[in-house]
Amino acid sequence: MTKYIFITGGVVSSLGKGIIAASLGKLLRARGFSVINQKFDPYINVDPGTMSPFQHGEVFVTDDGAETDLDLGHYERFTDTSLGKLNNVTSGSVYQRVIDKERRGDYLGGTVQVIPHITNEIKSRIVGATKQFKPDFQLIEIGGTIGDIESLPFIEAIRQFKAEVGIGNAVSVHCTLLPYLPTSGELKTKPSQHSVSVLRSYGIQPEILVCRTTRAIPKTEREKLALFCSLPKDAVIECRDMKSIYEVPLALEEQNMADVIFKILGVKSKAPDLKGWIKLIEKIKNPKKTIRVAIAGKYTKLSDAYISVVESLKHAGYANDAAIDIKWINSEECLDEKRAKEMLKDVQAVVVPGGFGIRGIEGKLNVIKYARENNLPFLGLCLGMQCAVIEYARNVVGLKGANSAEFDENAQYPVIDLMLEQKNVQAYGGTMRLGAYDCILKKGSVAARAYGKEKISERHRHRYEVNNEYLKQIADAGLVFSGMSPDGMLAEVVELPKLDWFVASQFHPEFKSRPDKPHPLFKGLIDAAAKRVK
Ligand code: GLN
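Residues numbered from 1 in each chain as written. Predicted model: local features only at pLDDT ≥ 70, side-chain atom pairs only at ≥ 80, totals over all residues. Heavy atoms only, no water.

Caption draft 1: Structural detail: the pattern of salt bridges. Taken as a whole and judged by the stated rule, the model has 46 salt bridges. In this structure, Arg459 engages Asp63 in a salt bridge whose closest nitrogen and oxygen atoms are separated by 2.9 Å. One end of the pair, Arg459, is in strand 19 (residues 455-462); the other, Asp63, is in the loop between strand 3 (60-61) and strand 4 (67-68), and 396 residues separate them in sequence. For Asp63, a relative accessible area of 27% gives the class partly exposed. Between Glu207 and Lys162 there is a salt bridge whose closest N-O contact spans 3.1 Å. Of the two residues, Glu207 is situated in the loop between helix 7 (190-201) and strand 10 (208-213) and Lys162 in helix 6 (residues 152-165); the sequence distance between them amounts to 45 residues. Look at Glu207 and you get partly exposed, because its relative accessible area is 21%. What emerges from the salt-bridge pattern is a single network uniting Asp63, Glu76, Asp80, Arg459, Arg514 and Lys517. (Salt bridge = Lys/Arg side-chain N within 4 Å of Asp/Glu carboxyl O. Helix = DSSP H or I, 4+ residues; strand = E, 2+ residues; numbered from the N terminus. Buried < 20%, exposed > 50% of the residue type's maximum accessible area, 1.4 Å probe, protein only.)

Caption draft 2: Representation of the side chain of Lys39 in the model. For Lys39, the location among the structural elements is in strand 2 (residues 35-41). By relative accessible area, Lys39 is classed as buried at 5%. There is a polar contact of 3.2 Å between the side chain of Lys39 and the side chain of Asp41. Aside from chain neighbours lying at most four places away, what touches Lys39 is Asp69, Asp71, Leu72, Tyr75, Asn87, Asn88, Val89, Glu141 and Gly143. (Polar contact = N/O pair within 3.5 Å; in protein donor to acceptor, adjacent residues only side chain to side chain. Contact = heavy atoms within 4.5 Å.)

Caption draft 3: Quick look at helix 12 (residues 307-319). Compared with an ideal rise of 1.5 Å per residue, which puts 13 residues at 18 Å, helix 12 spans 19 Å between its outermost C-alpha atoms and is within 8% of the ideal. Taken residue by residue, helix 12 has Ile307, Ser308, Val309, Val310, Glu311, Ser312, Leu313, His315, Ala316, Gly317 and Tyr318 as its buried positions. Within two residues after helix 12, Asp321 carries a phi angle of roughly 50 degrees, on the positive side. (Expected span 1.5 Å × (residues − 1).)

Caption draft 4: Broad picture of the pairing of strand 23 (residues 502-505). Going residue by residue along strand 23, you find Phe502 and Ala504 tucked away on one face and Val503 and Ser505 tucked away on the opposite face as well. Bridge count between strand 15 (residues 378-381) and strand 23: four bridges; the pairing is parallel. Within the sheet, the bridge partner assigned to Phe378 lies in strand 23 and is Phe502. For strand 22 (residues 491-495) and strand 23, the ladder comprises three bridges, and the chain directions are antiparallel. Counted as the bridge partner of Glu495 is Val503 from strand 23. A loop of six residues connects strand 22 with strand 23, the two strands running antiparallel in sequence. (Pairing = 2+ DSSP bridges.)

Caption draft 5: Quick look at the sheet that holds strand 18 (residues 433-441). Strands sit in the order 13-12-14-15-23-22-21-18-19 across an open sheet of nine strands; the sheet is mixed. This sheet does not close on itself; its edge strands, each paired only once, are strand 13 (322-330) and strand 19. On average, each strand axis in the sheet is tilted by 25 degrees relative to the strand beside it, whichever way the strands run. Alignment of strand 18 against strand 21 (residues 480-484), held across two bridges, turns out to be antiparallel. Bridged to Leu441 within strand 21 is Gly483. With respect to the sheet, helix 14 (residues 361-374) is in contact with strand 12 (289-297), strand 14 (349-352), strand 15 and strand 23, its orientation differing from that of strand 14 by roughly 145 degrees. (Axes fitted to C-alpha atoms, helices over the stretch in contact; angles between N-to-C directions.)

Caption draft 6: Region of interest: unusual backbone geometry. Put simply, Ile115 and Pro116 share a cis peptide bond, and its omega is 15 degrees. Position of Pro116 relative to the elements: it lies in helix 5 (residues 114-133). A positive phi angle, near 60 degrees, is found at Ser14, a position not held by glycine. Looking at where Ser14 falls in the secondary structure, it is placed in the loop between strand 1 (3-9) and helix 1 (17-29). Given the relative accessible area of 75%, Ser14 is considered exposed. Residues other than glycine seldom take positive phi values, yet Asp321 does so here, at roughly 50 degrees.

Caption draft 7: A look at the site of the ligand. If you check the shell around the ligand, you find Gly354, Gly355, Phe356, Cys382, Leu383, Gln386, Glu406, Arg461, His462, Arg463, Tyr464 and His508 and nothing else. At a separation of 3.0 Å, an oxygen atom of the ligand approaches a polar backbone atom of Arg463. Elements represented by at least two residues in the shell around the ligand include exactly helix 15 (383-397) and strand 19. Taken together, the residues that form the shell around the ligand break down as four nonpolar, five polar and three charged. (Near = heavy atom within 4 Å. Nonpolar A, V, L, I, M, F, W, Y, C, P; charged D, E, K, R; others polar.)

What follows is the structure in structure tokens.
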């Protein structure tokens, strides 16, 4: 039978609950258990696909085409699993289902209420994922902070769920912050005590407390937390700030967090196999060089907006015994070519990531032109690939008026155009070409050599594509279309094989990289960049 672990947060937001949930998942996976993570988000959006990355960070995409919270990226990277639609639940999606049922008349004249209808729907999302994946452990993280009005139905649903599955089948892990007061030189426990008491007032006694802190928790503070939160001392877990998020599982393991949970759940303890992970952490902590990589995008003020790209670069760095130093370039600042050159002269590689809308596009084109003309290793992702095609069309093919129909509906040469299937799409939410599609790579191409195979599957999130009317003309001028959809109709990868690394994809490789298995396209980029570091 599946055992459930609920993860909540208190005191402040941005505690890194997602990393803690992912790390716990890793510890269970390292013991050979099957694990799935779920994220429950209390906002009313049906999914984060319609939210600005400035507000919510990256939109992560799963194989089955769900647009999800970025925590699913952490879950997949730590536990090396492939998650999907059922793993991210929002209040919006819960209410939508309940209201749809109400409109159909399913409630037979009853009054539809938060309890039981909304809470039942939330519980059914837990059970739905259990039925589909049949995991040994199901880890459910509730977004937001305890005390928020909007997360109350989720907390109530957990309370009911825990009671229904009974003691020994579910545990609550509550994550809090211990602020440090420099004036008194103390880590303060009171906010955590209050947070636990709020959680208790909702009927949930946490079995584990994970405390985020900048320094070691002294014994007296640990005892105080245990006493006031009604916990055994070994259930108070310290989670200190670490250089790398991938160290967190080892820090939790050192404190036997999994064993504490097993004791409560009556699960027989097993020794974890963390050999590979420990080796990885050694590599992460002892880089032999630093590679400077530029990311030229629009949402550069918030690094979470490109979190999977950043992580993928780091993964490829680990494989090269290298630390990655990201240079954020706001593409709007590269509107003149000289400025672009100035910005790029101290980096060993550049990534132009995905995005939407015209802002900063001309700057991205300048960045790509510089990379192409100066043999600076370049990786283009989705919009970055579309920009690479526009740049090549304008500056090499000679189609000066080349553009994407996304930026100029009346472009003289719309080398990037709306996909046919998108022409009649009206609503924004969940209507892009989403999720995993196959791609066939050209034999002997840079991409095929990087992957070591010719048939690949990658995740997508776009409405526009290379306009096939221009494909031959552009290809004749030297840009290699090295990846196409299996029907040969949609350009998936372009490359310039004569350069050290100039590859761009319509898909998003960043969603499938793992810390110990870097994605081939990121690895190719960083391998080429590494050669430039003395
Ligand atoms: N805006 C482009 C499109 O819709 C690229 C999307 C992306 O980069 N994810 O096709």
